[in-house]
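A closer look at the structure
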Amino acid sequence: MSRTPSSPHVIVVIGAGPAGLAVVNQLSQAGHQVVLLNRDCKFGGLAEYGIFPTKHRLRNGLRKSYREILSRPNVHYFGNVSVGERGHLLLDELRALKPGALVVATGAQGTKSLKIEGENAVGVFHAKDVVYHYNHLPDFSERPFHLGEHTAVIGIGNVMADIAHWLTQFRHIPRVTAIARRGPAERKYDPKEILAVCAQIDRSALTAEFGRIGTALTAVGQQPDAILAEMLDELAACEASASTSILRFHFLTSPRRVLVDDRNYVKGLELEEMALAVRDGDIAAVGTGRRHEFPCDSVIFAVGDCVDDTLGLPVKNGTFVTNPHHTRNQPDDALFQAYDPSTNLVLDGVFLGGWARQASVGLVGIAKRDGDWCARVVERHLTGKPAPSAGAAQATLAEIRRMIMSRQPAAIDRDRLALLTLAEQEEAVRLGATEFKFATNDEMLAAIRQQQA
Ligand SMILES: Cc1cc2nc3c(=O)[nH]c(=O)nc-3n(C[C@H](O)[C@H](O)[C@H](O)COP(=O)(O)OP(=O)(O)OC[C@H]3O[C@@H](n4cnc5c(N)ncnc54)[C@H](O)[C@@H]3O)c2cc1C
Ligand SMILES: NC(=O)c1ccc[n+]([C@@H]2O[C@H](COP(=O)([O-])OP(=O)(O)OC[C@H]3O[C@@H](n4cnc5c(N)ncnc54)[C@H](OP(=O)(O)O)[C@@H]3O)[C@@H](O)[C@H]2O)c1
């Protein structure tokens, strides 16, 4: 339902994932002219290139609602356009155009490093890259991911569960081990999400693992038998699987070194054994100094991500810096305002939403809610600010389009996006597949040209 624009501004949103699209939804409904710039040709972010490929209902439902938002006449989409030091446009160039607001909703595109020796060995990967690969995101879709017979996945969250799903049932890697620095009670994956791989879990190895770590659990008041029973209970309704791959867990260990052979290929991990301690009411992992070698021939870090520090915003501890001076507003404006700690000033008119604000936190619904909140903060920022005349707003829109097309003639605007969608749908029908995705930008652009011809 469109609200009548009393004073429409031009708003620039960077990133067409769930958070950016929620901002676009709210601000376009409020009548503003919204320009949406997106690195990927296609919209959706991790909803398109993260959510596991077999979750068709979820993905299609999201695509449908995103298409409706993008079809609005006051929404101006440009895919295949990157903002940042390595992109087509600098953030400061966009700010110089003086939009009513600039929203950064670029997700968590940086790679979190554990800074351990051997991290650059052949056979070490980061979960985001693997996820992008099996979801056919150009640049990652065609990279070879050489995995051997035994992959160690570091981390025990939902991303680990997705990666294990792909490794065991699509790549048929014979052995996969999930390595957790804390214990089984601190597992972060959702019981629902483990069902896709639970047929692969080696139950007797799990029971034996509880024997190995039982004393460490009781030391912090946990009851190993009860935790094991709960875990086994969660594994009662496994999804059917024809794979013979085995998934095991290795708790209370943290990687300290990737061990390599003389060709710099992974041959194992040096793991530090951890103890548990209660800290501020939470359970923390504490190094014991004891180390052991763990043989494996590939490693995937599934430990969360950080933001892209080349975007043009100040970054601290893997996140964009936000205003430390809180407001009493609900939601608190400060949490969404970009901030420069070198000048102690808010970056006026620059806002953050979704995983760009809180890297690797929460599901699509959480990112959407964050985008909704961000839009409310933006609306508050615009209250009382004189809006440009209709002519001036059109001139700003025309200037943004001119800048984009001069830097990136292969930008995907709404018309090209419609042709791309059509081409992929036709290809899916031709192949009798549930869905089809072109694996490279060149293929997408060629398909658009073919549709135009
Ligand atoms: C592997 C995985 C599986 C998941 N599965 C589920 C699931 O099953 N269910 C669920 O509810 N949630 C799931 N999630 C969580 C969900 O995907 C996220 O909560 C959500 O996508 C975050 O939204 P976002 O818009 O903040 O970021 P993103 O989705 O990452 O979107 C960021 C957008 O910004 C664009 N961008 C990035 N950099 C630039 C730049 N420099 N210039 C221009 N554009 C840029 C990207 O192209 C992208 O479109 C999953 C997450 C992961 C990692
Ligand atoms: N199917 C789905 O619904 C789905 C799929 C994928 C992702 N998601 C969502 O996306 C978000 C991100 O998921 P995620 O799995 O990346 O994150 P996560 O749930 O935070 O799990 C990260 C894992 O990595 C470990 N870890 C972090 N830093 C580490 C370090 N320095 N050394 C060793 N281990 C470390 C964590 O251990 P500690 O607990 O000890 O910190 C945890 O086990 C979550 O909100 C998740 O629910 C959802």
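Everything numeric in this text was worked out from a predicted model, so none of it was measured. (Residues numbered from 1 in each chain as written. Chains lettered and ligands numbered in written order. Predicted model: local features only at pLDDT ≥ 70, side-chain atom pairs only at ≥ 80, totals over all residues.)

**A word on the overall build of the protein chain**
Selection criterion: Secondary structure elements follow DSSP: runs of H or I of four or more residues count as helices, runs of E of two or more count as strands, with numbering from the N terminus. Based on C-alpha atoms, the radius of gyration is set beside the globule rule, defined as 2.2 Å times the residue count to the power 0.38. We call two residues in contact whenever the C-beta atoms placed from their backbones are within 7 Å.
Scanning the protein chain for helices and strands turns up 13 helices and 16 strands. Scaling as 2.2 N^0.38, a compact globule of 453 residues should have a C-alpha radius of gyration of about 22 Å, and the protein chain matches this with 24 Å. Projected onto the principal axes, the alpha-carbon positions of the protein chain cover approximately 75 × 55 × 45 Å. A sequence separation of at least 24 residues applies to 73% of the contacts in the protein chain between residues at least 6 apart.

**Some words on the site of ligand 2**
Heads up, the condition is: For each residue, a C-beta atom is placed from the backbone, and the residue counts as near a molecule or strand when that atom lies within 6 Å of it. Residues are grouped as follows: nonpolar covers Ala, Val, Leu, Ile, Met, Phe, Trp, Tyr, Cys and Pro; charged covers Asp, Glu, Lys and Arg; every other residue, Gly included, is treated as polar. The split of the chain into domains comes from an automatic or database domain assignment.
Lining the immediate surroundings of ligand 2 are 24 residues, of which Gly155, Gly157, Asn158, Val159 and Val303 lie closest. Ranked by residue count, the leading element in the shell around ligand 2 is helix H6 (residues 158–169), at 4 residues. Residues belonging to the shell around ligand 2 are distributed by class as follows: 11 nonpolar, 7 polar and 6 charged. Each of domain 1 (10–109 + 306–412) and domain 2 (124–301) accounts for three or more of the residues forming the shell around ligand 2.

**A closer look at the domain arrangement of the protein chain**
Entries for the protein chain in the domain assignment read domain 1 (10–109 + 306–412) and domain 2 (124–301). Between the C-alpha centres of domain 1 and domain 2 the distance comes to 34 Å. Every contact between the two is made by 5 residues of domain 1 and, on the other side, 7 residues of domain 2. Residues of the side of domain 1 that touches domain 2, tallied by class, amount to 3 nonpolar, 1 polar and 1 charged.

**Quick look at the packing of helix H5 (residues 127–134) against H6**
Just so we agree on the cut-off: Think of each axis as a best-fit line through the C-alpha atoms, taken over the contacting stretch in the case of a helix, with angles from 0 to 180 degrees between the N-to-C directions. Angle categories are assigned with fixed cut-offs, so that under 35 degrees is roughly parallel, over 145 is roughly antiparallel, 65 to 115 is roughly perpendicular, and the rest are oblique. By convention the crossing between two helices is left-handed if the near helix lies anticlockwise of the far one by an angle smaller than a right angle, and right-handed if it lies clockwise.
One can describe the packing of H5 onto H6 by two numbers: an axis separation of 11 Å at closest approach and a directional angle of 50°. On the basis of the axis angle, H5 is oblique to H6. Considering only the axes of H5 and H6, their crossing is left-handed. Residue-level contacts link Ala127, Val130, Val131 and Tyr134 of H5 to Val159, Asp162, Ile163 and Trp166 of H6.

**Considering the nonpolar core**
Quick note on the threshold: Note on definitions: a nonpolar core is a set of buried residues drawn from Ala, Val, Leu, Ile, Met, Phe, Trp, Tyr and Cys, linked by C-beta atoms within 7 Å. Burial in this document is a count-based property: other C-beta atoms within 10 Å of a residue's C-beta are tallied, and the residue is buried at 20 or more, exposed at 12 or fewer, or partly exposed in between, with C-beta positions derived from the backbone.
Membership of the largest hydrophobic core comes to 121 residues, with the highest contact counts inside it found for Val103, Val153 and Ile163. No other element matches the 8 residues that helix H10 (residues 364–382) contributes to this core. Residues within four places of Val153 in sequence aside, it is in contact with Met160, Ile163, Ala164, Val176, Ala178, Ile179, Ile300 and Ala302.

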